[in-house]
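Fold and contact review
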Amino acid sequence: MAPGALQQRQMISSPSTTPQFCFTFNTNDNRASLPSGDAVGDITYQLTQTDSSTTSGESSPRVIKTHAEIRNENYLLNTNFGDLDRMWVTMHPRDVEKTANKYLLYIENSVKGLIAGKFADAQGPTMFNKLFNLMCLAKTIRELNNLLRNRFRDCGGTDLLIKNCVSKDPKLQYTSARLLVECLDPGNLDYVVQHGLVKVMHVVHAYRSQEKSTVDQSIVSTGLLAKLFEHSEGTCKRVIHLNGLDLLLAECRSRDTLTLRNCARALANLALYGGPEVHNLMVHRHAHTWLFTLAFNTDDSVKYYALLATAVLAADKTIEAAMFNCDTLDLIDPFVATHVPADLVGTNALGQGRRWLQRLVPVLSCDRRVAHTLAAFHFCAEAEPLSQLRHGKISGTFRSISAVEPLKKLAGSLNDVTSGLAAQALRSIGEQVPRPLSQKVPLWTVEDVLQWTKSNGFGEWAERLVGNQMDGNWLLTLTEECLKQPDGIQNGIMRKRFMRELHKLKQLADYSCIDPTNLNSFLQSIGPEFSVYTYSILNAGIDCESIRRITDDQLAYECGITNGVHRIVILNATYQK
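Please read these numbers as outputs of a predicted model, since none were measured by experiment.

Below, the discussion takes up helix H4 (residues 123-138). Taking 1.5 Å per residue as the helical rise, H4 with its 16 residues ought to reach 22 Å, and the 23 Å between its terminal C-alpha atoms agrees with that figure. Those residues of H4 that fall on the buried side of the exposure criterion are Gly124, Pro125, Met127, Phe128, Lys130, Leu131, Phe132, Leu134, Met135 and Ala138.

In structure tokens, the structure reads:
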């Protein structure tokens, strides 16, 4: 039977006498908050485990079924949840257990009553609103939050919400869809995707196709899309096929902050969970253009989700051309400069779970500097002591998703902001922080070169060359031909990867210690990729003044620039200098 089917569950224990536990909750404590004259009954729930009986001389368990009975529906409609507010203050384990038992019964009895039709037509939406308020309050207590959502699904609540998504009663449809957004934790989300995705998308389509949809409806529909895009790559594709992305981008025109938060979060989830095929679909539908608009929003949550989605897309080489001149990337540095990771602690951007973070790890190692800077910012925020108090210890998660090594690599990078964020994240989880490297690569010692090569995964090769005066000057003169030598890197793929890392290092290096004429700035003005030639041109005895007279042969043979197109571009720039 499906998990959502309402049924009496059988509990079987080992053959031994076990005690019977009865939880009886009297609503007299709540009567002060109820209208006078209301008949209020008790909810009685008998949790009975098994005892042993002997048959043919053998001990075997006797199955006893659980029993839950609604004595009076007024209790369910009129009870308040004030003790949940007190739970946030006390957080005593005994209080958590007591409150969990009480509201597990409340959930089960409410769903049972809704399925049995015990509430009048007008009372159904009211009951769904009560359950919505309960779920929202329970989010502050993780243990209770998980228990209530699991119980809601197991006793048939999720099936009921899916069914109501296609209801012709607008109040019933809205209150059910709104509650469904709150119930879509990973377990419920998986169930909904398998059993009711088309029906859930029906309500999203219905709200968007209305001649005049309300703000509340937009919040619900975008909230559903944000949750669905957090499931898997396959689900992302299915939802896009059902026009989910088009509907989402249409909502990006909204002026409502909560709607835009959902839109930005949905696009961030789509980028994280979607994969290359989905990323191409996002670019084809100009989602990256809408991210630019969202990144200018005054709400920090909207802005941050938009920037995070952009960083993830920028790390995907299959859409490199589309993201190369993406203006949204230019907004990352100003955001990081004006915010600290602790600013995210109070937002919904943190505590998304292991799967969410795991998909952000590749961004830490991508070639786009602003992208991995924002990723380091996010991991730093997750590792904040205040964040760990809210979402649990994160150190084990960082290690299990292999985030520690990329963070160590960034902590040793030449960009002060990126290295500082990565180092702070590592310190927060108790990891050793690598010694920061100077940007003045020509002055690097053998120890500095060894640290850099180790952080990039080439430590075994570098260890063999420790006695070869492998200082910064040596590193900057290395070519792929040098690496083909017997004492070089024999694996061709590894050689290509080493040269790619070396090119990035040359672009970030500070040559002012050997370049008083600032040749590097001139080459960067041509294009950032031309700064990799700074050292080889300087090493040929040419500076920013004498480069005016340089020839193609000098660039090719004295400076070692083998790319003919690059030589032409440099020569043209010198003529205009």
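Every buried residue of helix H8 (residues 186-195) is listed here: Asn188, Leu189, Tyr191, Val192 and Val193. Contacts from the buried residues of H8 go to helix H5 (142-154), helix H6 (157-164), helix H7 (170-183), helix H9 (197-209), helix H10 (215-228) and helix H11 (233-241).

Another point: the pattern of salt bridges. Counted under the stated rule, the structure contains 20 salt bridges. Residues arginine 149 and glutamate 182 are paired through a salt bridge, measuring 3.7 Å at the closest nitrogen-oxygen approach. Here glutamate 182 lies in helix H7 and arginine 149 lies in helix H5, a separation of 33 residues in the sequence. Owing to a relative accessible area of 3%, arginine 149 belongs among the buried residues under this scheme. Close ionic contact of glutamate 230 with arginine 265 constitutes a salt bridge, the shortest N to O distance being 3.6 Å.

The next subject is the side chain of asparagine 269. Looking at the element boundaries, asparagine 269 is found in helix H13 (residues 257-274). A distance of 2.9 Å separates a polar atom in the side chain of asparagine 269 from the backbone oxygen of alanine 226.

What follows covers the confidence of the model for the protein. On average, the protein scores 81 in pLDDT, and the residues at 70 or more come to 84%. Note that pLDDT drops below 50 for residues 1-71; the model gives that stretch 128 contacts with residues more than four away or on any other chain.

Glancing now at the packing of H10 against helix H12 (residues 244-251). Packing of H10 against H12 leaves a shortest axis separation of 10 Å and a crossing angle of 135°. On the basis of the axis angle, H10 is oblique to H12. Every pair of crossing elements has a handedness; the one defined by H10 and H12 is left-handed. From H10, Ser218, Ser221, Thr222 and Leu225 reach across to H12, where they touch Gly244, Leu248 and Glu251.

This paragraph deals with the packing of H7 against H9. For any two helices packed against each other, one specifies the inter-axial angle together with the distance between the axes. Across the interface, H7 lies against H9 with an axial gap of 11 Å and an inter-helix angle of 120°. Here H7 is positioned oblique relative to H9, judged by the angle of their axes. Read as a crossing pair, H7 and H9 show a hand that is left-handed. Where H7 approaches H9, its residues Gln173, Tyr174, Ala177 and Leu180 are matched on the opposing element by Val200, His202, Val203 and Tyr207. Considered class by class, the residues forming the contact of H7 with H9 number six nonpolar, two polar and no charged.

If you look at the biggest cluster of nonpolar residues, it comprises 131 residues, and the most contacted ones within it are Leu224, Leu267 and Phe379. No other element matches the 11 residues that helix H16 (residues 300-314) contributes to this core. Counting 25 residues, the second-largest nonpolar core is a separate cluster that includes Trp444, Trp452, Ala462 and Phe498.

What follows deals with the side chain of lysine 303. For lysine 303, the position within the fold is in helix H16. Those residues in contact with lysine 303, other than ones at most four positions away along the chain, are Leu294, Ala295, Phe296, Asn297 and Phe335.

Next up on the list: the packing of aromatic side chains. Counted by the stated rule, this structure contains 13 aromatic pairs. Judged by centre distance (5.6 Å) and plane angle (35°), the ring pair of tyrosine 304 and phenylalanine 335 falls under tilted. With tyrosine 304 in helix H16 and phenylalanine 335 in helix H18 (residues 332-338), this residue pair connects regions lying 31 residues apart in the sequence. An aromatic cluster is present here, built from Trp452, Phe458, Trp461, Trp474 and Phe498 joined pairwise through their rings. Over the aromatic face of phenylalanine 132 sits the side chain of arginine 178, whose NZ or CZ is 3.7 Å from the ring centroid.

To continue, consider the state of the cysteines. Taken as a whole, this structure holds zero disulfides when the rule is applied. Cysteine 252 provides the cysteine sulfur closest to cysteine 263, a residue in no disulfide bond, and the two sulfurs are 4.2 Å apart.

With that settled, consider the environment of isoleucine 240. For isoleucine 240, the position within the fold is in helix H11. With relative accessibility at 4%, the residue isoleucine 240 sits in the buried group. If sequence neighbours within four positions are ignored, isoleucine 240 has contacts with Phe229, Leu245, Leu270, Val278, Leu281 and Arg285.

What counts, and at which threshold
By convention here, each chain's residues receive numbers from 1 onward along its written sequence. Totals for whole chains, interfaces and linings use all residues, but because this is a predicted model, local features are given only for residues with pLDDT of at least 70 and pairs of side-chain atoms are given and counted only at 80 or more. For side-chain calculations, the full set of non-hydrogen atoms in the structure is used, while hydrogens and water are omitted. Here a helix means four or more residues in a row that DSSP labels H or I, a strand means two or more in a row labelled E, and each is numbered from the N terminus. How far a helix is expected to stretch is found by multiplying one less than its residue total by 1.5 Å. Categorising residues by exposure relies on relative accessible area from a 1.4 Å probe, with only protein chains included: less than 20% of the type maximum marks a residue as buried, more than 50% marks it as exposed, and the intermediate range marks it as partly exposed. By definition, residues are in contact when any of their heavy atoms lie within 4.5 Å. One speaks of a salt bridge when a side-chain nitrogen belonging to Lys or Arg is within 4 Å of a carboxyl oxygen belonging to Asp or Glu. We define a polar contact as two N or O atoms separated by no more than 3.5 Å, with the added condition that, inside protein, one atom must be a possible hydrogen donor and the other a possible acceptor, whereas residues neighbouring each other in sequence contribute only through side-chain atom pairs. For every residue, the predictor assigns a confidence score, pLDDT, that lies between 0 and 100. Angular values range over 0 to 180 degrees, each being the angle between N-to-C directions of two axes fitted as lines to C-alpha atoms, with helices fitted over their stretch in contact. Here the angle decides the label: under 35 degrees means roughly parallel, over 145 means roughly antiparallel, 65 to 115 means roughly perpendicular, and every other value means oblique. Helix crossings get a hand from a simple test, with the near helix turned counterclockwise from the far one by less than a right angle marking a left-handed crossing and a clockwise turn marking a right-handed one. Only Asp, Glu, Lys and Arg are considered charged, only Ala, Val, Leu, Ile, Met, Phe, Trp, Tyr, Cys and Pro nonpolar, and every remaining residue, Gly among them, polar. Put simply, buried Ala, Val, Leu, Ile, Met, Phe, Trp, Tyr and Cys residues joined by side-chain atoms within 4.5 Å make one nonpolar core. Any pair of Phe, Tyr and Trp rings, taking the six-membered ring for Trp, is counted once the centres come within 6.5 Å. Such a pair is stacked with planes under 30 degrees apart, edge-to-face with planes over 60 apart, and tilted for the rest. Charge-over-ring contacts are defined here by two conditions on Lys NZ or Arg CZ: a distance within 6 Å of the ring centre and an angle within 35 degrees of the ring normal. Only a pair of cysteine sulfur atoms within 2.5 Å qualifies as a disulfide here.

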